Amino acid sequence: MALALIVRHGRTAANASGTLAGWTPGVGLDDVGREQAQRVGARVADLPIRRIVASPLQRCQETAGAVRGVLDVPIETVDDLGECKYGAWTGQPIRDLAKDPLWRIVQDQPSAVTFPASEDFEAESMRAMQARAVGAMRRIDHEVTQEFGDQAIWLAVSHGDVIKAILADALGTHLDQFQRISVGPASLSAVRYGPTRPFVVRMNDTGGDVSDLIPKPEHAPEGDAPVGGGS
């Protein structure tokens, strides 16, 4: 089973100002975000990462670039890991969106949400966002496993809501519960997709040693959890 590392992009001016950037072009990392991205790169520098994939949006490409700089692995752009398509909500202040009746549904029943249409930005449902992102993760993980073996590690750079949806799927949690998951800027999560179930290895990790993610020989049968929690 390969190991998928999932990194949220570093902070942007939109994050700092409370604006929903969505697919707005030209939203890159701010000074804090660039420092965060460099720290992520330094943290994973000693891991044997085979592939780096990223959302096409600038903030993810810049974060992936900081990782690539220490690993010398090409960045592959994957559209299905792009931000949720918020439609008419794109570019709006969060404080204003919180007054929209749809906000409450986004918080309490996101599986029922389709964002309002816009002439400028594409809109989609949160269910569609989760389906495309999870599909991309599982497809790439299969490719990595086939090419490099069960002990391979690969890294994806994406967005907060997208990563929360990926983690909810890996945890076997309904999308309506995904707001219980926190994914901070430049945080690291890790999922191992097994033949019978995924294993969530790490969530929303923003610091510390990651050497425990280096592959070790498996003692339990493939796809099974070690009884007692393992070593």
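To start, this report covers the structure provided alongside it.

The rules behind these values
Residues numbered from 1 in each chain as written. Predicted model: local features only at pLDDT ≥ 70, side-chain atom pairs only at ≥ 80, totals over all residues. Heavy atoms only, no water. Buried < 20%, exposed > 50% of the residue type's maximum accessible area, 1.4 Å probe, protein only. Helix = DSSP H or I, 4+ residues; strand = E, 2+ residues; numbered from the N terminus. Pairing = 2+ DSSP bridges. Disulfide = S-S within 2.5 Å. Core = buried A, V, L, I, M, F, W, Y, C linked by side-chain atoms within 4.5 Å. Contact = heavy atoms within 4.5 Å. Expected span 1.5 Å × (residues − 1). Arc of directions from axis to C-beta.

1. Some remarks on the pairing of strand 5 (residues 188-193)
Here is step 1: In terms of burial, strand 5 is a largely internal element, 6 of the 6 residues being buried.
Here is step 2: Residues Leu188, Ala190 and Arg192 of strand 5 are buried on one face, and the alternating residues Ser189, Val191 and Tyr193, pointing to the opposite face, are buried as well.
Here is step 3: Pairing between strand 5 and strand 6 (residues 198-205): 5 bridges, direction antiparallel. Paired with Ala190 across the strands is Arg202, a residue of strand 6.
Here is step 4: Counted along the chain from strand 5 to the antiparallel partner strand 6, the turn is 4 residues long.

2. What to know about the state of the cysteines
Here is step 1: Taken as a whole, this structure holds 0 disulfides when the rule is applied.
Here is step 2: The structure places no disulfide on Cys60, whose sulfur is separated from the nearest cysteine sulfur, that of Cys84, by 13 Å.
Here is step 3: Accessibility expressed as a relative area gives 0% for Cys84, which makes it buried.

3. Side note on the nonpolar core
Here is step 1: By size, the foremost hydrophobic cluster in this structure holds 39 residues, and its most contacted members are Leu81, Trp89, Phe115, Met126, Met137, Trp154 and Ile166.
Here is step 2: When contributions to this core are tallied by element, the ones reaching two or more residues are strand 1 (3-8), helix 5 (101-108), helix 6 (126-148), strand 4 (153-158), helix 7 (160-170) and strand 5.
Here is step 3: The element best represented in this core is helix 6, accounting for 8 residues.
Here is step 4: Contact partners of Ile166, with chain neighbours within four places excluded, come to Ile6, Leu81, Ala133, Val134, Met137 and Tyr193.
Here is step 5: Within the second largest apolar cluster, 22 residues are counted, among which are Leu3, Ala64, Ala186 and Val210.

4. Thoughts on the environment of Arg139
Here is step 1: You can see Arg139 is positioned in helix 6.
Here is step 2: A relative accessible area of 41% places Arg139 in the partly exposed class.
Here is step 3: Separated by 74 residues in the primary sequence, Arg139 and Gly65 place their C-alpha atoms 23 Å from one another.

5. Structural notes on helix 3 (residues 58-71)
Here is step 1: Between the first and last C-alpha of helix 3 there are 20 Å, a value that for 14 residues agrees with the 20 Å anticipated at 1.5 Å per step.
Here is step 2: Looking only at helix 3, the buried set comprises Arg59, Cys60, Thr63, Ala64, Ala66, Val67 and Leu71. With its buried residues spanning 145° around the axis, helix 3 presents them on a single face.
Here is step 3: Contact partners of the buried residues in helix 3: strand 1, helix 2 (31-44), strand 2 (49-54), strand 3 (75-77) and strand 4.
Here is step 4: Within two residues after helix 3, Asp72 carries a phi angle of roughly 55°, on the positive side.

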